[in-house]
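As a plain string of letters, each chain reads:
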Amino acid sequence: MKSEPEQKSKRSKDKKRVFGAGIARGLRVTMKGLLGRAITTSYPEHKLVVSKRFRGNEFVWYPARCTGCSTCAKSCPHGNIEVVTRRGNNAYEVEKFEIDTGRCMFCGLCVESCPYDALCLGRGYELAKYRRGDLVLEKEAMQESEKRKPSGYFRPKIEKTLPAQTLLIERAGRKSRKKKESVP
Amino acid sequence: MEATETRTEPFVINLGPHHPSTHGVFRMRVTFDGEVVVDVEPMFGYLHRGIEKLAEGRTYTQIIPLTDRLDYLASMTNNWGYVMAVEKLAGVPVPERAEYLRVIVGEMMRISSHLLATGFLINELGAFFTPLMYMYREREKILDLFDMLCGQRLTYNYMRVGGVSHDPPPEFWPAVKRFVREMPGYIDEYEGLVTTNEIVLARTKDVGVLSKELAINASASGPFLRATGVDWDLRRDDTYSIYDRFKFDIPVGTNGDVFDRYMCRIQEMRQCCRIIEQALQQIPRGEFRARLPHLVRPPAGEVYGHIEAPRGELGFYLVSDNSIAPYRFHVRPSTMINLTTLRDLTIGWKLADLIVIFGSIDVVLGEIDR
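Since the structure is predicted, the reported quantities are computational estimates derived from the model, not experimental observations.

A.B. asks: Would you explain the overall build of chain B in this entry?
C.D. replies: When you go through chain B residue by residue, the secondary structure sums to 15 helices and eight strands. Taking 2.2 N^0.38 as the reference for a compact globule, 370 residues should give roughly 21 Å; the C-alpha atoms of chain B span a radius of gyration of 21 Å, in line with that estimate. Seen along its three principal axes, the alpha-carbon backbone of chain B occupies a region of about 90 × 45 × 35 Å. Across the 370 residues of chain B, 54% fall into the buried class. The long-range share in chain B, meaning contacts at least 24 apart out of those at least 6 apart in sequence, stands at 71%.

The structure is reproduced here in structure tokens:
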């Protein structure tokens with residue numbers, strides 16, 4: 001335990017320069033920030049384009065491709081996916097396909113494991129609900145529509161069609177000479 | 001006039017668990033004599049989710065998203081440490097390109113994590129959140145790149161046993177090159193803001209000094225250890241992955257005080273940029289993920305894999321019984337072991353210094369409580 005005078009004498013050793021020069025240097029940085037362009041956006045009015053591989057909190061499910069094999073349900077770490085099938089003629093019919101997004105952590109392992117590309121993650125991120133039960137997505141609710149678009153996570157074909165992501169580094173980076181960058 | 005004796009008694013304050021300066025839900029039961037700290041009793045467990053137990057019921061791949069939730073400010077390195085332990089256990093070879101991608105994202109994660117550590121240092125010195133926004137700006141750029149890579153900004157789930165989940169899209173490379181080119185300029189900016197600021201110097205120099213002996217005895221690691229002058233970095237001293245192919249220095253402090261920890265982090269960020277630059281030049285084309293069966297089934301045995309995470313040594317101890325899930329899954333958290341020195345560091349200091357010293361350990365409660 002140090003006594004107070006000891007501390008003070010040790011601290012005062014470092015003060016060799018003019019007091020305030022460091023603060024002035026810091027203020028120069030803040031002035032630069034003041035004069036520069038704003039890098040934020042006002043969110044509900046202006047939205048940024050999400051990544052092509054965005055793991056959004058909605059799923060897109062294609063009933064025509066799904067065979068009810070339940071690989072997605074097996075790969076889910078929490079067991080949120082429930083698949084019930086019925087023996088139809090020559091193939092299984094999917095009777096029930098439910099994902100409990102309230103317990104989902106959007107790791108994407110179900111989408112990664114799907115052998116028929118029948119399940120995709122979505123691009124939405126504003127899905128607050130009033131009831132927990134509304135978070136359970138059912139068969140009809142999960143099909144592709146105008147509002148519900150699949151994301152390119154583990155779906156390279158879809159990824160190619162999506163718009164480019166807004167990057168902060170392009171909006172707020174330093175001005176630099178444009179060079180052709182090689183892709184390793 | 002006769003001086004009357006004032007009766008004093010120690011005063012106990014519960015700092016946290018919902019205090020803004022406790023980095024999550026950490027509670028300190030502090031006994032004060034006036035304003036001076038007499039005793040500190042750390043209490044944690046408020047964020048306990050039982051990840052170690054949960055992992056025993058999940059397959060080796062399903063554990064990867066759980067490791068994201070340990071140190072949630074450095075998820076990539078958590079993924080890396082875990083998959084490295086599994087690869088060691090199962091004897092899976094990793095393709096060259098995957099190793100380079102891991103180094104690139106791992107070092108970017110280190111920059112992002114250190115940015116927050118330095119940012120919150122100023123926050124705790126009393127400059128409430130405005131200067132932190134400078135650090136958040138650069139962190140945001142890194143998160144953008146990770147988002148492009150794997151679709152999420154905090155819980156990446158990017159690494160897989162035997163490689164990484166995705167190859168980066170073509171637009172990733174110019175962005176990351178630009179980031180590495182610009183980053184040293186921004187680090188100069190932070191140094192202008194913090195390093196020379198007299199108020200910061202007065203509050204951090206010789207505050208919370210950790211001695212070399214105590215640091216080694218407490219088995220501290222990371223920048224927290226290196227600030228005391230111990231030259232120990234797993235990237236060089238127990239080389240894993242492909243770190244032996246890069247040239248980089250390991251910044252070491254002298255005094256072991258709060259300022260040295262800050263300087264170690266700042267200099268480490270510069271070294272990270274160097275490593276990324278070299279990795280970008282060397283990265284080969286080819287496979288990014290080894291071909292493996294859907295379920296990894298390592299032979300019976302045990303393994304301890306450790307990496308140099310941004311906050312110190314992060315280890316994973318796995319016991320396999322030749323099934324698809326580990327028999328035992330244990331994490332050696334870097335910050336929890338660094339935190340054991342808290343009592344020795346803070347006793348004798350004032351309340352305001354206690355906050356700064358605690359912040360300089362740079363804890364993440366997700367990793368401490370698990």
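Alright, that's what it looks like, and here's the rest.
A.B. asks: Where do I start with the overall build of chain A in this structure?
C.D. replies: Secondary structure summary: chain A contains six helices and five strands in total. Reading the helices (α) and strands (β) of chain A from amino to carboxyl end gives α-α-β-α-β-β-α-β-β-α-α. Per-residue burial over chain A gives 25% buried out of 184 residues. A fraction of 77% describes how many contacts in chain A between residues 6 or more apart in sequence connect residues 24 or more apart.

A.B. asks: What exactly am I supposed to notice about the interface of chain A and chain B here?
C.D. replies: Interfaces are often described in size by the accessible area the parts lose on coming together. Facing the 39 residues of chain A at the interface are 42 residues of chain B. Going through the elements one at a time, α1 (4-12), α2 (21-35) and α6 (168-172) of chain A are the ones with two or more residues in the side of chain A that touches chain B. Taken together, the residues of the side of chain A that touches chain B break down into 19 nonpolar, nine polar and 11 charged.

A.B. asks: Where do I start with the sheet that holds strand β3 (residues 36-43) of chain B in this structure?
C.D. replies: Backbone-to-backbone hydrogen bonds pair the strands of a sheet. The strands run either parallel or antiparallel. Residue and element names in this part refer to chain B. With antiparallel pairing, the three strands of this open sheet are ordered in space as β1-β2-β3. Because the sheet does not close on itself, it has two edges, and the strands there are β1 (11-15) and β3. Across the sheet, the mean angle separating the axes of adjacent strands is 20° when strand polarity is ignored. Bridging between strand β2 (residues 27-33) and β3 involves seven bridges; their strand directions are antiparallel. In the strand pairing of β3, F32 is matched with V37.

A.B. asks: Can you walk me through the sheet that holds strand β2 (residues 81-87) of chain A in this structure?
C.D. replies: The strand order across the open sheet built from three strands is β2-β3-β5 (chain A), with neighbouring strands paired in antiparallel fashion. Taken across any chain shown, the strands that pair with only one partner, and hence form the sheet edges, are β2 and β5 (136-137) of chain A.

A.B. asks: Would you mind showing me how to read the nonpolar core here?
C.D. replies: Within soluble globular proteins, side chains that are nonpolar generally end up buried alongside one another. Ranked by internal contacts, the top residues of the largest apolar core, which has 108 residues, are V86(B), I104(B) and L145(B). If one sorts the elements of this core by residue count, helix α4 (residues 96-124) of chain B sits on top with 14 residues. Not counting residues up to four positions away in its chain, the partners in contact with V86(B) are Y60(B), V161(B), V296(B), P298(B) and L318(B). Core analysis: the second largest hydrophobic core is formed by 24 residues, C110(A), V111(A), C120(A) and L137(A) among them.

A.B. asks: Explanation requested: the pairing of strand β6 (residues 301-309) of chain B in the structure shown.
C.D. replies: In summary, the side chains of a regular strand alternate between the two faces of the sheet. Residues and elements named next belong to chain B. Alignment of β6 against strand β7 (residues 312-320), held across nine bridges, turns out to be antiparallel. The residue bridging E308 from the neighbouring strand is E313, located in β7. Hairpin remark: β6 followed by β7, antiparallel, with two residues in the connecting loop.

A.B. asks: What am I meant to see in helix α11 (residues 258-282) of chain B here?
C.D. replies: The periodicity of an α-helix, 3.6 residues per turn, causes residues three or four positions apart to be oriented the same way. Taking 1.5 Å per residue as the helical rise, α11(B) with its 25 residues ought to reach 36 Å, and the 36 Å between its terminal C-alpha atoms agrees with that figure. In terms of burial, α11(B) is a largely internal element, 18 of the 25 residues being buried.

A.B. asks: Explain the packing of α4(B) against helix α14 (residues 351-361) of chain B to me, please; I cannot follow it from the model alone.
C.D. replies: When two helices pack together, their arrangement is captured by the angle between the axes and the distance separating the axes. Residue and element names in this part refer to chain B. α14 packs onto α4 with a crossing angle of 175° between their chain directions and a minimal axis gap of 9 Å. Relative to α14, α4 is oriented roughly antiparallel. Facing α4, whose interface residues are F120, L121 and E124, α14 presents I355, V356, G359 and S360. Taken together, the residues that form the contact of α4 with α14 break down as four nonpolar, two polar and one charged.

A.B. asks: What is the right way to look at the pairing of strand β8 (residues 328-332) of chain B in this model?
C.D. replies: Residues and elements named next belong to chain B. Judged by which residues are buried, β8 turns out to be one-sided: F329 and V331 face inward and are buried, whereas R328, H330 and R332, on the alternate face, are not. Across five bridges, the pairing between β7 and β8 is antiparallel. Opposite L318, over in β8, you have F329 as the bridge partner.

A.B. asks: Is there a simple way to think about the confidence of the model for chain B in this case?
C.D. replies: When pLDDT drops low, the exact placement of atoms in the prediction is not to be read closely. Counting all residues, the mean pLDDT for chain B is 87, and 98% of those residues have values of 70 or more. Scoring of the predicted complex yields 0.86 for pTM and 0.78 for ipTM.

A.B. asks: So what exactly am I meant to see when it comes to the environment of A218(B) here?
C.D. replies: Residue and element names in this part refer to chain B. Looking at where A218 falls in the secondary structure, it is placed in the loop between α8 (212-217) and α9 (223-226). Take A218: there are 18 C-beta atoms within 10 Å of it, and that puts it in the partly exposed class. Remark: the alpha-carbon pair of A218 and I64, spanning 154 residues in sequence, is separated by 29 Å.

A.B. asks: For this particular structure, what's the right way to read the packing of helix α3 (residues 75-90) of chain B against α4(B)?
C.D. replies: Residues and elements named next belong to chain B. With their axes 8 Å apart at the nearest point, α3 and α4 run at an angle of 135° to one another. It follows from the interaxial angle that α3 and α4 lie oblique. For α3 against α4, the interelement crossing comes out left-handed. Of α4, the residues touching α3 (which contributes M76, T77 and W80) are R102, V105, G106 and M109.

A.B. asks: Could you clarify how one ought to interpret unusual backbone geometry in this entry?
C.D. replies: Excluding glycine, most residues fall at negative phi; most peptide bonds, likewise, are trans. Residues and elements named next belong to chain A. Phi is positive for S70, close to 65°, though the residue is something other than glycine. Topologically, S70 is positioned in the loop between β1 (56-61) and α3 (71-75). Positive phi is not limited to glycine here, since D117 has a value of about 50°. Mapped onto the secondary structure, D117 falls in the loop between α4 (109-113) and β4 (119-122). According to the C-beta neighbour criterion, D117 is partly exposed, with 15 such atoms within 10 Å.

A.B. asks: Explain the confidence of the model for chain A to me, please; I cannot follow it from the model alone.
C.D. replies: For chain A, per-residue confidence averages 78 on the pLDDT scale, and residues scoring 70 or more make up 83% of the total. Counting interchain partners and residues more than four positions distant, the pLDDT-below-50 stretch residues 1-13 of chain A has nine contacts.

A.B. asks: Help me understand the environment of T41(A) in this model?
C.D. replies: With respect to the element layout, T41(A) can be found in the loop between α2 and β1. If we ignore the near neighbours within four places in the chain, the residues touching T41(A) are H46(A) and L48(A).

Rules behind the numbers
- As a convention, each chain's residues are numbered from 1 in the sequence order in which they are written.
- Starting at A for chains and at 1 for ligands, labels are handed out in the order in which the entities are written.
- Given that the model is predicted, a residue must reach a pLDDT of at least 70 before its local features are reported, and side-chain atom pairs must reach 80 or more before they are shown or counted; all residues, however, enter totals for whole chains, interfaces and linings.
- Each helix is a run of H or I in the DSSP string that is no shorter than four residues. Each strand is a run of E no shorter than two, and both are numbered from the N terminus.
- The globule rule used for comparison is 2.2 Å times the number of residues to the exponent 0.38, while the radius of gyration itself is calculated over C-alpha atoms.
- For every residue, the other C-beta atoms within 10 Å of its own C-beta are counted; 20 or more classify it as buried, 12 or fewer as exposed, and values in between as partly exposed. C-beta atoms are placed from the backbone.
- Note on contacts: residues are paired as contacts if their backbone-placed C-beta atoms lie within 7 Å.
- Polar here means any residue other than Ala, Val, Leu, Ile, Met, Phe, Trp, Tyr, Cys and Pro, which are nonpolar, and Asp, Glu, Lys and Arg, which are charged; Gly is therefore polar.
- Here the rule is simple: two strands pair whenever DSSP picks up at least two bridges between them.
- What counts as an axis is a line fitted to C-alpha atoms, over the stretch in contact for a helix, and the angles between N-to-C directions run from 0 to 180 degrees.
- Each nonpolar core reported here comprises buried Ala, Val, Leu, Ile, Met, Phe, Trp, Tyr and Cys residues connected via C-beta atoms within 7 Å.
- One less than the number of residues in a helix, times 1.5 Å, gives the span that helix is expected to have.
- Any angle that is under 35 degrees is reported as roughly parallel, and any over 145 degrees as roughly antiparallel; angles of 65 to 115 degrees are reported as roughly perpendicular and all others as oblique.
- Known as pLDDT, the predictor's confidence for each residue is given on a scale from 0 to 100.
- Two helices crossing with the near one rotated counterclockwise from the far one by less than a right angle form a left-handed crossing, whereas a clockwise rotation gives a right-handed crossing.

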